[in-house]
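# Report on the structure
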Amino acid sequence: MAAQTPHQGDRSTVPAAAAVSRRRVLAATGIAGVAGLAAAGGAVARDAFAQDAAPAADAVAFRGAHQAGIVTAAQDRLHFAAFDVVTRDRDHLVALLRQWTAAAARMTAGQAAGGSGAVGGPAQAPPEDTGEALDLPPAQLTLTVGFGASLFRDAAGRDRFGIAAHLPPALAPLPHFPGDQLRPELSGGDLCVQACANDPQVAVHAIRNLARIGFGTVSLRWSQLGFGRTSATTRAQSTPRNLMGFKDGTANLRAEDGALLEEQLWVQPGDGPQWLAGGTYLVSRKIKMLVETWDRTSLAEQEAIFGRTKGSGAPLTGRDEFDRPDFAATGADGRPVIAPEAHVRLAHPDQHGGARMLRRGYHFVDGSDGLGRMDAGLFFLAFQRDPRRQFVPVQRALARSDVLNEYIRHVGSAVFACPPGVRDAGDHWGRTLFG
Amino acid sequence: MRATRTLALLAAGALLPAAAAGCGGDDRPAASGGAIAVTSTDGGCEIARTDAPAGTVVFSVANKGAKVTEFYVLAGADKVAGEVENIAPGLTRELRVELAAGAYQTACKPGMVGDGIRGAFTVTAAGAGPAVDPELTAAVARYRAYVKGQTAALLTLTTQFVAAVKGGRITEAKALFPKAREPWERIEPVAEIFGDLDPRIDAREADLEPGQAFTGFHKLEKDLWVTKSVAGSGPTADQLMADIKEIAAKAEAEALTPLQLANGAKELLDEVATGKITGEEDFFSHTDLWDFKANLDGSRAAVEALRPVLVARDPALVAQLDAAFAAASAALDRHRAGTGWKLHNQLTKADLKLLSDAINSLGEPVSRVAAAVSR
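Residues numbered from 1 in each chain as written. Chains lettered and ligands numbered in written order. Predicted model: local features only at pLDDT ≥ 70, side-chain atom pairs only at ≥ 80, totals over all residues. Heavy atoms only, no water.

## Points about the state of the cysteines
Residue and element names in this part refer to chain A. On inspection of all chains with the given rule, the structure shows one disulfide over all chains. Unpaired in this structure, Cys-192 has its nearest cysteine sulfur neighbour in Cys-418, at a distance of 5.3 Å. With no disulfide of its own, Cys-196 lies closest to Cys-192 among cysteine sulfurs, the gap being 11 Å. Looking at Cys-196, the relative accessible area reads 0%, which means it is buried. (Disulfide = S-S within 2.5 Å. Buried < 20%, exposed > 50% of the residue type's maximum accessible area, 1.4 Å probe, protein only.)

Structural data, given as structure tokens:
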């Protein structure tokens, strides 16, 4: 396990690159409008873009050794999008990744997707930016890209873009887990982009503009809105509750975990193809929760199912959330205090040779299901060094035995390899893969 | 047709409702002789000059009244050549409009209701007007020839369709319905210039307000496919024929601008994206792919007419357009059936997604044609 320096330092709230924030642009054009100098408004905006200006306050640095949006303190909102690549032309695909990188660098800094922005371009052309984030701050927007196995080889096994030789073995399709009810239209994808921000409009704006830039090269396959982070990714964040009302993911990997991140999160040189060193794997699972039946379950049974108390999140054998669960402890009746099928036992690193993941999921409520029930659940996202040794064994144990399965359904699934970070202005997403 | 009309934007010569704050400015042609000052008050509409040479005419409209106002330039009684809306009290907004020689009316509309305070405005032949790129003039001539060909086909096919309906020959009428619509759908952005005629000919039942009469192609479509009787369809058929004759004559006579060609090409693809892929257009007959193909053809014809201009100004865009048009045609060709097309309800969701992707891929470069033409 190569002990590289931890990376948290280069990921904190960092001054964004020079250029004016969306809010400042609006202010400038607003003044022009009030003065009745309609035609001058565009010129003001363009000039503003050309100048170096104060950095945006709540921007997360886009560039670094690793992609942002992984150990970054989990934001409140998500828009996740999976795309199919619809071109056969490798050059078009690489050109898109370059364009996306440039747009992502701009948007994460609080700027418009394209150079002339939402209002600075020619009046007869559609604006380069869709505009709904014009008066909004960066809101800690991060954009994280990943590549699915189907990008390397199609269903017939053909090498799509001359990169099949670089397919990492760990990007293997997930096995079928008992109880899976996966829907193809909510699963898979050649590319993914995870947009996280503290303002849902900023996250949606980012995905919308990237999708627009991608027309003709990629097509949106599925996407998911999420609210309310379900994980803590830094020590400063408290463990949030899932929609079942429980603290889940107490043992999450966090930004401060240093060498443990190298061991459990970041792909190391020698793990597989060199292009992915410094990257990571992302497993996404759309997990519907049957909240109506869960809500009719007694508190005692709910706590037995999780193996934790609902109030503090402490394991049933402890007093505090972070107390180590004592899986050997037995009660007066001689049975284990934490049941053999309890969620905390089945998912705990101790049961899987210490396997940890960096969970970064979000709640979803996609309206209702037409049968008088909420269409709600967990959009599970977990980053890890090798899904075969982390997500797969944990999920296999959960799928076999977890009592929680009575209340959840896995309906969507995907695995992506997230390349290392974009290093500098000349770098782009996927450079290490496509050369 | 679409539920919402962008008539004012598309209307003859309406280059720009140039007033929105922040619209880019330096790419527009300079007005000869400077802006014409218009002062709108709650009871008056003062115009500094009532004539201008042909070309780009710029009005600077100041609202000195207490009510929100609008300013229009009208060709004839009610054909909008250009407009600027929502001018708040105290504000000054600009209208730039391309006007050919002829008689116009101006109108201030304080309170934004009624016919407005009208005045006559004359545009004289441009002696030393701004030079027009002869390639643009040629492009418009090519496209007008295309429109003429389509209106001729529209008249012929509508005549046959109406005869079949009135003769009670339902099978024949059903076969002619999608065919008669093809020339119509190829030039629909031109038809939309003429206010009431387009909804009379092509309104969908769902677009109507309570009390509005349901007439035109889609009423006959409902008679043929749902009611399955044309016993009472005669008057609708006669009205359709009369309306088609009127619009054909108007469309042929209409002087178009290069910008209208460009915007029309985009509008046709928007029609595909919003009406045909969803199956809303031919809700009863499901013959949407005939309209799809016709919209695509019409869009391509407008772009083809502009090709020499685009080749000179933005060759990369031309390459992109050619590839995207070819891809969209190929995607649609997979659904040919006999001499026509599969019905909309025979397409799977996966089929529709491929078509939608093709139109989205094409729509983006086509949306950039207008800027290339107007610079």
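## Here we look at the pattern of salt bridges
All names here are of chain B. Tallying each qualifying case throughout the model produces 46 salt bridges over all chains. The partner of Arg-336 in a salt bridge is Asp-333, and the shortest N-O contact between them spans 3.1 Å. Counted as one network, the salt bridges with shared partners bring together Arg-181, Glu-185, Asp-202, Arg-204, Asp-207, Glu-271, Lys-276, Glu-281, Asp-282 and Asp-291. (Salt bridge = Lys/Arg side-chain N within 4 Å of Asp/Glu carboxyl O.)

## Here we look at the packing of helix 9 (residues 288–305) of chain B against helix 12 (residues 349–366) of chain B
Residue and element names in this part refer to chain B. Following both chains from N to C, one finds helix 9 and helix 12 inclined at 20°, their axes separated by 13 Å at the closest point. Relative to helix 12, the element helix 9 lies roughly parallel. For the pair helix 9 and helix 12, the sense of crossing is left-handed. Contacts from Leu-289, Phe-292, Leu-296 and Ser-299 in helix 9 reach Leu-355, Ile-359, Leu-362 and Val-366 in helix 12. A class-by-class count of the residues in the contact of helix 9 with helix 12 yields seven nonpolar, one polar and no charged. (Axes fitted to C-alpha atoms, helices over the stretch in contact; angles between N-to-C directions. Helix = DSSP H or I, 4+ residues; strand = E, 2+ residues; numbered from the N terminus. Parallel < 35°, antiparallel > 145°, perpendicular 65-115°, else oblique. Left-handed = near helix turned anticlockwise from the far one by under 90°. Contact = heavy atoms within 4.5 Å. Nonpolar A, V, L, I, M, F, W, Y, C, P; charged D, E, K, R; others polar.)

## Let's talk about the UniProt feature "domain: Imelysin-like" (unreviewed entry) in chain B
Feature annotation in UniProt places "domain: Imelysin-like" (unreviewed entry) on residues 139–368 of chain B, given in this structure's numbering. For the annotated span residues 139–368 of chain B, helix accounts for 73% and strand for 2% of the residues, and the straight-line distance between the end C-alpha atoms is 17 Å. (UniProt positions renumbered as here; feature names shortened; annotations may be inferred.)

## Observations regarding the sheet that holds strand 9 (residues 117–124) of chain B
Residue and element names in this part refer to chain B. One open sheet accounts for five strands, arranged 3-9-8-5-6; its pairing is mixed. Two strands lie at the open edges of the sheet, namely strand 3 (51–53) and strand 6 (79–87), each paired on one side alone. With strand direction ignored, the average angle separating the axes of adjacent strands in the sheet is 20°. One ladder, built from five bridges, connects strand 5 (residues 69–75) with strand 8 (residues 102–108); its direction is antiparallel. Bridge pairing links Tyr-72 to Ala-107 in strand 8. (Pairing = 2+ DSSP bridges.)

## Notes on the packing of aromatic side chains
With the rule as written, the count across this model stands at 23 aromatic pairs over all chains. Ring plane angle 55° and centroid distance 6.0 Å describe the contact between Phe161(B) and Phe177(B), whose orientation is recorded as tilted. Linking Phe161(B) in helix 2 (residues 134–166) with Phe177(B) in helix 3 (residues 170–186), this pair joins segments that are 16 residues apart in sequence. Pair check on accessibility: Phe161(B) and Phe177(B) agree, each one buried. Stacked on the ring of Phe364(A), the Lys or Arg Lys286(A) has its end atom at 4.6 Å from the ring centre. The ring of Phe217(B) is capped by Arg181(B), whose NZ or CZ atom sits 5.3 Å from the centre of that ring. (Phe/Tyr/Trp six-rings, centres within 6.5 Å; stacked < 30°, edge-to-face > 60°. Lys NZ or Arg CZ within 6 Å of the ring centre and 35° of its normal.)

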